[in-house]
Amino acid sequence: MKDKTTEIFRNAPVPKAVISNVIPSIISMIMVLIYNLADTFFIGQTKDAYMVAAVSVATPAFLLFMAVGMLFGIGGTSLISRTLGEGNADKAKNASSFCFWTGLCIGIIAMAVIFLFASPVSMAIGASDDTVGYASQYLRIVSTAIPFLIVSNSFSNIIRAEGNAQVAMIGMIVGNLINIILDPVMILGFGWNVAGAAIATVLGNVFAAGYYIYHLLSKKAMLSIHPKYYLAGNGIAAGVFAIGIPASLNSILMSLSNIIVNNIMSSYGDMAVAGLGVAMKVNMIVVMLLIGLGTGIQPILGYCFGAGNRERYLAVMKFSMILAFAISAVMTVVCYCGADPLVHAFLEDADAFTYGMSFARIYIYSGPVIGMMFVFVNAIQSTGAALPALILSISRQGLIYLPVLFLFRRIFNSATMLAAAQPITDYLTTALAIVLFIFTFKKYFPKQAA
């Protein structure tokens, strides 16, 4: 099975190897993007800006759930791709089984906590008296999908490590397509509003997780989730957590920063919060495509690193950088010029639209460099370099973003300038990523490794 699934990692021409892995990954991210936009779009069709604001407020909590999936997904992918490059298929099975069962147990615990404390959690993350009812209703229903969300998010990444990028893509498409189809039916058709959006999200994640489990139990899979392969020792847990924790910290800090900016923005009113939420959705059009590119190349880079193929590693990096810059440039222009109709599709309220339009164009300023940033992030993760990965993960939405956010608030005290903190942060983080990659590459992948 190894020869069939990882052949493209070893011997295919670099452009073919990159494109064949990046395209399914980008398509997966497009489906995630469409799902995120669909939720907000159909909630927006209720003409109730408070519902839009409530879903925007609930997003950070949802990111926390995804952070656990990120921990096992990115950490597992990094370890498994390097392990396969070394030719150790049994250890790869140990890692995949560890990621599945540990993630599932955490998901069950988180489900119980969020279900029981949905209202106080909603207030803590920025819900107002007008939106707390909607936000807590959404969170309570979505909490039932947390175990499935963790499994689907983990294995949409891990399955790429065995060379099955198309399987990973199909799982994402299945889950998100079900969500997208059910959104208008449940939100508008049944009149369930926020509850309808939450139920659609639950069912989408259940089907996505089910598809991945079906694949992993089949004979086509190189990896396994069978309990007999479960192993935390022999460097499995340490290897997953070394890269997974920094990756999940980035998602957690993104959630935390969103909670903070929502709370700060709420001082300008619920319409400013709604506008910010929609602007983030528009910005996701660029971000999700480039995340897809980064996650698509990580298994190839990890395999090359595990195999000690320095020349191929560098060739993959060079081609990926060119591709990232091209996608970034095109999508920045598209989203900047198309901001008006994009924001208008989600918001009818004049004040909310004004905020959303202004924020969307400010957020997109980071477009030209954000692609390179994600390439460097995934390149560092592919080597298993824990410290550089940790530094970078806590910088973008933490060590760099939060000081910039609070500084802008103190100096300008303007909603527009608060939004500008994100693109400023992205440029600073890209510069840091370049420095950390150079350090990582020289230390962990010396010339004699070729």
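Worth saying up front: this structure is predicted, and the values here are computed from it rather than measured. (Residues numbered from 1 in each chain as written. Predicted model: local features only at pLDDT ≥ 70, side-chain atom pairs only at ≥ 80, totals over all residues. Heavy atoms only, no water.)

Enquirer: Is there a simple way to think about the overall build of the protein chain in this case?
Expert: Along its length, the protein chain carries 18 helices and 0 strands. Against the compact-globule benchmark of 22 Å for 450 residues, the protein chain has a radius of gyration of 21 Å, which places it among compact chains. Projected onto the principal axes, the alpha-carbon positions of the protein chain cover approximately 60 × 45 × 35 Å. For the protein chain, the proportion of its 450 residues judged to be buried stands at 60%. Long-range pairs, those at least 24 residues apart, make up 85% of the contacts in the protein chain with a sequence separation of at least 6. When the accessible surface of the protein chain is summed, it comes to about 16,700 Å², and 70% of that surface belongs to carbon and sulfur atoms. (Helix = DSSP H or I, 4+ residues; strand = E, 2+ residues; numbered from the N terminus. Rg over C-alpha atoms; globule rule 2.2 N^0.38 Å. Buried < 20%, exposed > 50% of the residue type's maximum accessible area, 1.4 Å probe, protein only. Contact = heavy atoms within 4.5 Å. Areas by Shrake-Rupley, 256 points an atom, 1.4 Å probe, with all protein chains shown as cover.)

Enquirer: Can you help me understand the nonpolar core in this one?
Expert: What tends to happen in soluble globular proteins is that the nonpolar side chains get buried as a cluster. Counting 150 residues, the largest nonpolar core has F155, Y313 and L405 as its most contacted members. Among the elements that line this core, the one with the most residues is helix 11 (residues 270–307), at 23 residues. Once residues lying within four places of it in the same chain are set aside, the contact partners of Y313 are L301, C304, F305, A379, S382, T383, F437, F441 and F445. (Core = buried A, V, L, I, M, F, W, Y, C linked by side-chain atoms within 4.5 Å.)

Enquirer: Whenever I open this one, the packing of aromatic side chains confuses me. Can you help?
Expert: Scanning the model with the defined rule gives 18 aromatic pairs in all. Note on Y211 and Y212: the rings are 6.1 Å apart at their centroids and 70° apart in plane angle, and the pair reads as edge-to-face. Its relative accessible area of 23% is what places Y211 among the partly exposed residues. You can call Y212 buried: its relative accessible area is 0%. (Phe/Tyr/Trp six-rings, centres within 6.5 Å; stacked < 30°, edge-to-face > 60°.)

Enquirer: In this structure, what is going on with the packing of helix 10 (residues 236–265) against helix 16 (residues 386–399)? I would like to understand it.
Expert: Axis separation between helix 10 and helix 16 bottoms out at 8 Å; the angle between their running directions is 5°. With respect to helix 16, the axis of helix 10 lies roughly parallel. Residues A242, I243, P246, A247, L249, N250, L253, M254 and S257 of helix 10 form the contact with helix 16, whose own contacting residues are A386, A389, L390, S393, I394, R396, Q397 and G398. Considered class by class, the residues forming the contact of helix 10 with helix 16 number 11 nonpolar, 5 polar and 1 charged. (Axes fitted to C-alpha atoms, helices over the stretch in contact; angles between N-to-C directions. Parallel < 35°, antiparallel > 145°, perpendicular 65-115°, else oblique. Nonpolar A, V, L, I, M, F, W, Y, C, P; charged D, E, K, R; others polar.)

Enquirer: What exactly am I supposed to notice about the environment of L405 here?
Expert: As for its placement among the helices and strands, L405 is situated in helix 17 (residues 401–412). Note: C-alpha distance between L405 and N153 (252 residues apart in sequence) is 29 Å.

Enquirer: I tried to follow the packing of helix 12 (residues 310–337) against helix 15 (residues 367–382) on my own but got confused; where do I start?
Expert: The packing of two helices is summarised by the inter-axis angle and the distance between the axes. It is the contact of helix 12 with helix 15, at a shortest axis distance of 7 Å, that shows an interaxial angle of 150°. One element, helix 12, and the other, helix 15, form an angle in the roughly antiparallel class. Here helix 12 runs over helix 15; the crossing is right-handed. Counted together, Y313, M317, S320, M321, A324, F325, S328 and T332 of helix 12 and G367, P368, G371, M372, V375, F376, A379 and S382 of helix 15 form the full contact between these two elements. (Left-handed = near helix turned anticlockwise from the far one by under 90°.)

Enquirer: Where do I start with the pattern of salt bridges in this structure?
Expert: Two side chains with opposite charge may pair up if their charged atoms get near one another. Within this structure, the stated rule accounts for 1 salt bridge. Here R396 ties to D426 by a salt bridge, and the two come within 2.7 Å at their closest N and O atoms. Of this pair, R396 sits in helix 16 while D426 sits in helix 18 (residues 415–444), placing them 30 residues apart in sequence. Each member of the pair R396 and D426 is classed as buried. (Salt bridge = Lys/Arg side-chain N within 4 Å of Asp/Glu carboxyl O.)

Enquirer: Hey, could you run me through a nonpolar patch on the surface in this one?
Expert: Taken together, the side chains of I109, V113, F115, L116 and F117 make up a nonpolar region of the molecular surface, amounting to roughly 510 Å² of accessible area. According to the relative accessible area criterion, F117 is partly exposed, its value standing at 46%. (Patch = residues over 30% accessible without salt bridge, like charges linked within 9 Å, V, L, I, M, F, W, Y side chains within 5 Å.)

Enquirer: What should I look at first to understand helix 16 in this one?
Expert: For helix 16, the full list of buried residues reads P388, A389, L392, S393, S395, R396, Q397 and G398. Among the structural elements, helix 10, helix 15, helix 17 and helix 18 are those in contact with the buried residues of helix 16.

Enquirer: Is there a simple way to think about unusual backbone geometry in this case?
Expert: Apart from glycine, the bulk of residues carry a negative phi angle, and the bulk of peptide bonds sit in the trans form. For N234, which is not glycine, the phi torsion reads 60° and is therefore positive. Checked against the element boundaries, N234 lands in the loop between helix 9 (193–216) and helix 10. Residue N234 is classed as exposed on the basis of its relative accessible area, which comes to 56%. With a phi close to 50°, N413 is a non-glycine residue in the positive phi region. The residue N413 is located in the loop between helix 17 and helix 18 in this model. Under the relative-accessibility criterion, N413 is labelled exposed at 55%.

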